[in-house]
Amino acid sequence: MGLWIFLLIILVIIIFGILIRNKIVLHFNATKRAWADVATYERQKLKVLDELAPMVEQYASFEKGTLEKVTELRQSILNLNVDHTDIAQLQRIENLNKELMRSLNVVVENYPELKANEIYLRMMNEIDEQNDNVSAAITIFNRNVELFNNHIEVFPNNMINTLTLGKKSIRPFRDHAAAQSFDYRPNF
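Here the structure is a predicted model, which is why all the values come from computation and not from measurement.

Caption draft 1: Geometry of the overall build of the protein chain. What the protein chain contains, in helices and strands, is seven helices and zero strands. Put simply, the protein chain has 188 residues, and 35% of those count as buried. Within the protein chain, residue pairs in contact and separated by at least 24 positions form 77% of the contacts whose partners lie at least 6 positions apart. Approximately 11,900 Å² of the protein chain is accessible, and the part contributed by carbon and sulfur atoms is 59%.

Caption draft 2: The nonpolar core, seen in detail. Ranked by size, the top nonpolar core spans 34 residues in total, and within it Leu49, Leu73, Ile127 and Phe141 carry the most contacts. Sorting the residues of this core by element identifies helix H1 (2-58), helix H2 (64-79), helix H3 (87-110) and helix H5 (118-153) as the ones contributing at least two each. When residues in this core are grouped by element, the largest group, 11 residues, is from H1.

Caption draft 3: Spatial organisation of the packing of aromatic side chains. Evaluation of the coordinates by the stated rule reveals two aromatic pairs. Ring centres of Phe28 and Phe148 lie 5.4 Å apart, and the angle between their planes is 55°; this geometry places the pair in the tilted category. Placement of Phe28 in helix H1 and of Phe148 in helix H5 is noted, with a sequence separation of 120 residues between them. Comparing Phe28 with Phe148 shows no difference in burial state: the two are buried. Lys167 extends its terminal NZ or CZ atom over the ring of Phe28, reaching a point 3.8 Å from the ring centre.

Caption draft 4: Fine view of a nonpolar patch on the surface. On the surface, Met1, Leu3, Trp4, Ile5, Phe6, Leu7, Ile9, Ile10, Ile13, Ile14 and Ile18 cluster together into a nonpolar patch covering about 1,200 Å² of accessible area. Tracing the chain through its elements places Ile9 in helix H1. Ile9 sits in the partly exposed class, given a relative accessible area of 45%.

Caption draft 5: Here's a closer look at the pattern of salt bridges. Counted according to the given criterion, the structure contains two salt bridges. Between Arg92 and Glu72 there is a salt bridge, with its nearest N and O atoms 2.9 Å apart. Taken together, the residues span a long stretch of sequence, with Arg92 in helix H3 and Glu72 in helix H2 at a distance of 20 residues. A salt bridge links Arg143 to Glu146; the nearest nitrogen and oxygen atoms lie 2.8 Å apart. With Arg143 and Glu146 both in helix H5, this residue pair falls three residues apart, about one helical turn. On the basis of relative accessibility, which here comes to 38%, the residue Glu146 falls in the partly exposed class.

Caption draft 6: Structural context of the environment of Asn149. With respect to the helices and strands, Asn149 occurs in helix H5. With 22 residues separating them in the primary sequence, Asn149 and Arg171 have C-alpha atoms 8.8 Å apart. Among all residues touching Asn149, those that are not within four sequence positions of it are Ser169 and Ile170.

Caption draft 7: Region of the structure containing the side chain of Thr31. Secondary-structure assignment places Thr31 in helix H1. Its relative accessible area of 1% is what places Thr31 among the buried residues. Not counting the four nearest positions on each side in its chain, Thr31 is found in contact with Phe141, Asn144, Val145, Phe148 and Ile170.

Caption draft 8: Structural view of unusual backbone geometry. A cis amide bond links Phe155 with the next residue in sequence, Pro156, at an omega value of 5°. Mapped onto the secondary structure, Pro156 falls in the loop between H5 and helix H6 (157-165).

Quick notes on the rules
- Residues numbered from 1 in each chain as written.
- Predicted model: local features only at pLDDT ≥ 70, side-chain atom pairs only at ≥ 80, totals over all residues.
- Heavy atoms only, no water.
- Helix = DSSP H or I, 4+ residues; strand = E, 2+ residues; numbered from the N terminus.
- Buried < 20%, exposed > 50% of the residue type's maximum accessible area, 1.4 Å probe, protein only.
- Contact = heavy atoms within 4.5 Å.
- Areas by Shrake-Rupley, 256 points an atom, 1.4 Å probe, with all protein chains shown as cover.
- Core = buried A, V, L, I, M, F, W, Y, C linked by side-chain atoms within 4.5 Å.
- Phe/Tyr/Trp six-rings, centres within 6.5 Å; stacked < 30°, edge-to-face > 60°.
- Lys NZ or Arg CZ within 6 Å of the ring centre and 35° of its normal.
- Patch = residues over 30% accessible without salt bridge, like charges linked within 9 Å, V, L, I, M, F, W, Y side chains within 5 Å.
- Salt bridge = Lys/Arg side-chain N within 4 Å of Asp/Glu carboxyl O.

Here you go:
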């Protein structure tokens, strides 16, 4: 009787360990999927940038820097690795995107006829929509990173992870430029 109880306890521990391991894998895969969504939305900007480049080229003699920013942003998005979470590269893309948007606003101020150009306005709205999609995807990615990191760091999950998978914590995306502008700083 005691042997059966001992074997039952061992079986419950093994099943519990398998469930924890599977949950770690699920959270890791959700984080990978969320990262792929971020990369996908960034790449969807490419089609808009491809349409925007010729329009900016019309004003290239005056706005060469804006065209260079469009080209640099396009190349950075193309270089974003879907299979490898590269937060630094995403940070660079987001910074380039902000610079481009500032440059485009300057172009519109210098060339008021662009404000009336329906194609330009449609492209700017599309870029804004894509930026909103990227922001939402980053929020989802960061939430999945939090869930995954919490799951591999709490006891006994950390032991199961170390023994079976060896997954490391993933660094969430943070917009350091935006954080600098906040007056409030949490005490952690």
